[in-house]
Structures are given as C-alpha cells and as structure tokens.
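# Summary of the model geometry
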Amino acid sequence: MQIGFETIRQILEHRLHQEDIEKLLHGLDEAGKAELFFRITEMLRRTSALADIANRVSDSLSLDVLFPRLMEVVTEALNADRSSLFLHDAETGELFSRVMQGDAIGEIRFPCHLGVAGSVFTSGTAEIIADAYADPRFNQEVDRRTGYRTRNILCVPIRNKNHEVIGITQVLNKQAGDFDSEDKRLLEGLSLQASAALENARLFEKVERQQREEAMLLEVSISIVAEIHLGPLLARIMAAATSLLEADRGTLFLYDADTHELYSRVAGGIAGEEIRFPADAGIAGECFSRGRVINIADAYSDSRFNPDFDRHTGYRTHSMLCMPIIARAERKIGVMQILNRKGGAFGSSDERRLRAFSAQAAVAIENAQLFEEITAERNYNEAILHSMNNAVLTLDAGGTLRKVNESARRILRRADGELISHGLDDIFYGRNSWVAKSLDKVRATGATDITVDTDLFIEGGETISVNLVTVQLNSLRDEPIGYMLMMEDITREKRLRNTMSRYMSKSVVDQLLASGEVELGGTGRDVSVLFSDIRGFTSISERLGAKETVALLNEYFTDMVDIVFAHNGVLDKYIGDMIMAVFGSVLQSDEDASNAVMVGNKMLTALHHLNRRRAERGDEAIRIGVGISTGHVVAGNIGSLKRMEYTVVGDRVNLAERLESANKFYGTSILFCDATWTAVRDHAAAREIDLIRVRGRDKPVAIYEALGHHSEDSFPHREEALAAFSEGLLRYRQRDWGGAEHCFSVALAANPNDGPSKIYFERCRIYGSTPPPAAWDGVWTMPNK
C-alpha cells in the first residue's frame, strides 16, 4: 500500500480524524508503517528547512553573507555533500557566485551558457544528472584541479516573483542514493523561498555600490580639480580611474593637434617614457577618431590589438575599456584606456562610471592645459623681458610700479625694493621729472608718447642719454589697465656716433649703427684706398707761416673731407697735408671703387674753385696729387691698449701712396691701379699710363689716369691727344720707337702740356738710339717711392 505526501500532509496538518488514522495504520504491515514514519520525518525535515531558510535570509541584505547561508541550508536540507548558487549578471552575461577563498570572499564567474549550470539557466528547466561524468556538459577539469569527485548533480533555476530566471542552485553528491523528484521539488521550493532575499540583496548591493561610486567619483573629482599642474593631474586621474573601475592599470593619451598624434605622459607600467603614435592608429586611435567607447572582453581575440607591447613589457592584457575624453563644444582632447578589470570583463556600469569620470577629467585637463599654456607664455614673456637690453617698467592703472626687468635695474642703478610699489614721482624727480610728465601725457590722452635722446641723471652724478616710449596698456575690451615705459640707453651709441661722425658721413654712421656692426674688430675686406697730397707743401708753409698754414689746411680739408663723406668714404687719417680716405672699410658696396675715383675727380674740381677764391684774396694757388688703389686689406682697431684707431693696413694702402707720388713723375693729377680700372672701366673716363714697378713690390702694376675732372681748358683737344697717345703706347710696347715717337709728338701738338706724352716722347728718342735688351718687358721701375 503506497501512502502519498498529500496524505502525510493531511496527517501533519490534523485534517484526518483519529479513527481515520487508526484505520490507515491497521491496514499497514510493519514495512509500510516504517515507510510512513520515514515520510513523515522527511516532510517535517523539509518543512523545517524551508522555515530555516526563511529565518536565515530574513535579516541579511548582503550577498556575501547570503550566499554561504543559503548553500549551508540547501546542503543540509538535501542531505548532500556540497552545493553552490549562481546569479546572473546581465551587464556581463555571466553567472557568478561568492565563495570563501582563504580568509576572504571571492567571486567565481563564467559565461551564462556554459556547463550544466549554464544549460539549466538558459533553458529554465531543472535537471537531475545521475552520473556527472557521463554528461558531456560537465567540466571534469574542475574535479581534476580540485581533487574532488562529482557523482550526481541536482540543478534547478531560481525564479523571481515574475517567474524570470535570475540564477541557478546546484547540489552535488547526495549522501544516500541519488537525487529524485522530491529532492527537485524541495530544492525548487528552497530556491523560490530564497529568490526574494537574493533580489533584495542584489538591489541593496547595487544601491550601496552606486552610493559608494558616487562618493568615490565625488572624492576623485575634488582631488583632480584641486590639482592645476598637468603632469601630477594626469597621474591622479589614472590612479583614480583604475581604482574606480577596480582595474589593474591604465593609460591616458592626450591629443597633439600640431602633429596629429596621441601621446601619453602617464602610462601604467612604464615610468618616464613618452608614447606617441598617429591619432587614428590602434584601438586608442579608433576610439579617439570615432569618438566612441570601445569595450573589449578579450584583447588577444581582437585584431585591432597589438600584442607587441605586451611582449615588450612582459605584461598580459586581458580586458580593455577605451573612453574618449570630450571637452566643451564636443572637442576631443584625448583617450582613457583602462586594462584588466579585476572581477572580469568591463560591463555597461563600468562604461557609465568611466564616462561620468572622464567628463570631470576633461574639465580638469582643460584647466591644467590652459594653466600650462599661460605659464609657458608667462615664462616666454619673462625670458623676453630678461633678455631685452631696453629697460621695461610696467605700472598699474593707478600709476604704481608693479614690474621691472633686469635692464631697468641696470640702467637706473636701482634694486627692486627701490622701484616696485612706488610711483614715478618718487623715482624720477627734479631734472628727471620729464619721465613722470611723459606718463601724465599718456594718462590724459591715451596716446603713445615718445621722447628721443634726452639726458637722464643717475644717482652718483652719472648722466646717460635715453630714448623713452610711454604707452597705455588696454584690456581686450579696450579699457586702460596700466602703463608701460620702455627706456633705451643710447649713451654708448651717442658717443660712438659722435666719434665716428668725425671720420665718416652721417649716412654711413647711420647705416653702420643700423647694421649692428659697431664692434669694429680686425677683418679682411676688399676696399679702395685714396691718398691725396699738396704739392710743395713744405715750401708753401715756410712762405705762409704757421697761422696762415693752419688756415690753408682747415679750408682745404673742409672742402675735401665733405666730398669724401658725400660719397660714403671714411676719413682714415690726416698725415700733415695728406688725406687718407677708405671706401668699403666699414660698410662695403659694389660702388666703392667708383666712389673713390669720383671723389678724386671732385677733389680736383673743388681745388679749382678753392684756387679761384685764393686768387681773389691774392693767395697763391695750390696743386694736389691723388692715388687710388683697390684690393684686399685688414681693417680694424689698431694701436696700443691706451690709444687705438680704426684704420686699414696692407699692400694696397702702400700702393695708393706710391701712385699719389707717381703723379709728380708723370705730370698727372690722379692715378689708380689696374684693380680699380677693372671696377670702373665701364663708366669712368681714364687712359692707361704705364706698367710700373714701385718700391716694395716685385710684381708690376698697370696704372691709369682719371680724366673726369678735366675741362677743355685743362686738357685741350682731348680726343685727338688721347687717340695719338693710345696708338703711341701700343707702338712703344711693340718696340717701334720711331712710330711711337711720331704718335707722341702728335699728342703733344694737340696738348703741349700733356705730361705722359712728354715722358714717352723722350723715352722713344733714347730707345731709338740705345734700344733696351731683348728681354725688355715694358715695365718702368720708379726711381723713388
């Protein structure tokens, strides 16, 4: 006779009368009575288990506490060896359980479709597996790893009040026999009883986690907002992000718009190295360029992942979450890349948290970048102010000095304490009050005030010359916010200008100072050197006496030096009655040789006018000779440490002096060398005179006479005379003495005073009777200097 659980339930609930129970017992044999008592005992145990599970979970809102309590009750109620409980994580698509791992609660996770548990969860149907090893879904590796032996399994889904499957309960190895349908019903009852508590605990845990995350987000936000320096800020951001997501490490990449690259100053696991790569390369580049989140559960299964980095560092990347950092106006400024979440793959809640955090980080990064830019700009401006030779003084709107540069302290001979926080009236008073008045003009009109070459009296009795510019400083809204004074010390330039103006024209001085070549050191230069000398000056000075001689020289030098200056020449020196001028020693040009020849011609023309004035006064006329040479010299400050002068030295200087002297021999006024002729042959009136060897030079030099100063009176019939002279010089060098003599006689007939024609006429007569040796080269060696 079989007695069902419904009959037993009626007995236990006292719904059967005494006589009915006695009648039931009377119909049972001993074996039946024993089975009845077993079933009643089992029913009482299960009822007790349900009551026990309700009591144990009623006061628990923590999954960490709830999991072990439920598994303990289930194991006892089903008389099994062990049990486990898994809940579904919808964010990651996994089943998870909390178990003791040493002294702490650990978490086990696996995809919700794997194994027996995954199959029951997916199908929502309970299963009894009598032989675990015979079921292909069972993972025997777990037993081999733990040394445990699973015989049979009972696995049921856990449903909530809406009959949705939220997890599974799994019981292993029933201690007496196999699991049956009554065990399944009991476990389903226990699971149903526990489902409400599990959902409440999950909800509580979710709310608690959100509160904790919000508190942490607030804390880290305050932490990063408080940091204004970009380097430490990025380190704080990454430390906070990895902590917030419970990850192993992370990297923050910023965008460099100039190079279109992503670069990292803070990379987890790499100290002191900057990483750079194109802004559209790799996973981080795709995240940045597309502006979307990339969540990778298994990095090595993603073709975009580059494993070379792991091989280089020895690190192993499992999961990855990349989040673009977006600032105001949807401007992308970088990417956060978080690696290896400690609890498994990153979920949607991790994305939500990182998105909220990156929004806060974007604000902090923008502020830090702005601060870094402002700091760099300030340092740049400070460096400019420090390197400026001009004094710069800035004042606030009230006229109080707020900042001065190093040059201001140097020029004014004052320390910061004597300048800062003072008004201009406290610093510039008395004879220096013009500085404060300049500020008053600007404050009254708003227009820039410029004061040029004005004396500033420095404490200690020193006087300097300065140029002052006073300007008003305006805000972006064109409102006055202060004033700036720029003071240029021109004392040295003024002294140099005054000194140099005695040797060269104002235009050359201006060009020299403008070019910055005021440090006149020794350099090699190509120049044209001019020497001029008064003929018979010794006799003239003896006849005139000292006073009249000085008056003559002053009048002569005034006219001649003005001509030199007018053509960018430099007056090198006076040597008695001699003038030495140089063209190209300070500032070089292609016109140096032409200017030298032009000056020689104009000196002769000016001399003609000077002699007319002297004749009107009853004074005797004077004559001069000019020699010009072009070539390489050494120019620079030459002399002793106590006295130096800027001059030129070299063979070309000596040659110019020799040519000036040669005028006496040839009866000419201006002679210049072949190098000068090469530079002026296209536009200067001249004729070749001779091939000579002067003292101190073995190499002969061709010499030419400048004719630009002559008029018809000073050189009559010039064309006929020059043509005959040129033909005569050609025949002379061909040793045609007779023919040459005839040509020179024709030249003398045209101009009886032509000195070179006279000399060659006499030479031809001598060589006609006594020819020179066969090795004669046509060179004439000058008998004196």
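Refer to the preceding data block for the structure.
In this numbering scheme, every chain counts its residues from 1 along its sequence in written order. pLDDT decides what is reported in this predicted model: residues at 70 or higher carry local features, side-chain atom pairs at 80 or more are listed and counted, and totals for whole chains, interfaces and linings draw on all residues regardless. Each side-chain value is worked out from all heavy atoms of the structure, with water and hydrogens disregarded.

### Side note on the sheet that holds strand 14 (residues 401–404)
Pairing is antiparallel across the open sheet formed by five strands, whose spatial order is 14-13-17-16-15. The strands lining the two open edges of the sheet, one partner per strand, are strand 14 and strand 15 (449–458). Taken over all neighbouring pairs, the strand axes of this sheet differ in orientation by 25° on average, direction set aside. With three bridges connecting them, strand 13 (residues 391–396) and strand 14 associate as antiparallel partners. Counted as the bridge partner of threonine 394 is lysine 403 from strand 14. Note on pairing: two strands pair once DSSP finds at least 2 bridges between them. Secondary structure elements follow DSSP: runs of H or I of four or more residues count as helices, runs of E of two or more count as strands, with numbering from the N terminus. Note on geometry: axes are C-alpha line fits, over the in-contact stretch for helices, and angles between N-to-C directions span 0 to 180 degrees.

### A short note on the environment of alanine 706
Structurally, the position occupied by alanine 706 is in strand 25 (residues 701–706). Partly exposed describes any residue whose relative accessible area lies between the buried limit of under 20% and the exposed limit of over 50%, with all areas from a 1.4 Å probe on protein chains only and scaled to the type maximum. A relative accessible area of 0% places alanine 706 in the buried class. A contact between two residues is defined here by any heavy atoms of the two lying within 4.5 Å. Among all residues touching alanine 706, those that are not within four sequence positions of it are Val597, Asn601, Ile670, Phe672, Ala685 and Ala686.

### Quick look at the pattern of salt bridges
The rule for a salt bridge is simple: a side-chain nitrogen of Lys or Arg has to be within 4 Å of a carboxyl oxygen of Asp or Glu. On inspection of all chains with the given rule, the structure shows 36 salt bridges. A salt bridge links arginine 292 to glutamate 286, with the nearest nitrogen and oxygen atoms 2.7 Å apart. By relative accessible area, glutamate 286 is classed as buried at 13%. Salt bridges sharing common partners tie together Glu286, Arg290, Arg292, Asp302 and Arg304.

### Quick word on the side chain of threonine 630
Along the polypeptide, threonine 630 turns up in strand 21 (residues 624–639). Residue threonine 630 is classed as buried on the basis of its relative accessible area, which comes to 15%. Among the polar contacts listed, one links the side chain of threonine 630 to the side chain of serine 528, at a separation of 2.8 Å. Once you skip the residues sitting within four places of it in the chain, threonine 630 turns out to touch Val527, Ser528, Ala593, Arg652, Cys673, Ala675 and Thr676. In protein, a polar contact requires one atom able to donate a hydrogen and another able to accept it; more generally it is a pair of N or O atoms within 3.5 Å, and residues adjacent in sequence count only if both atoms are side-chain atoms.

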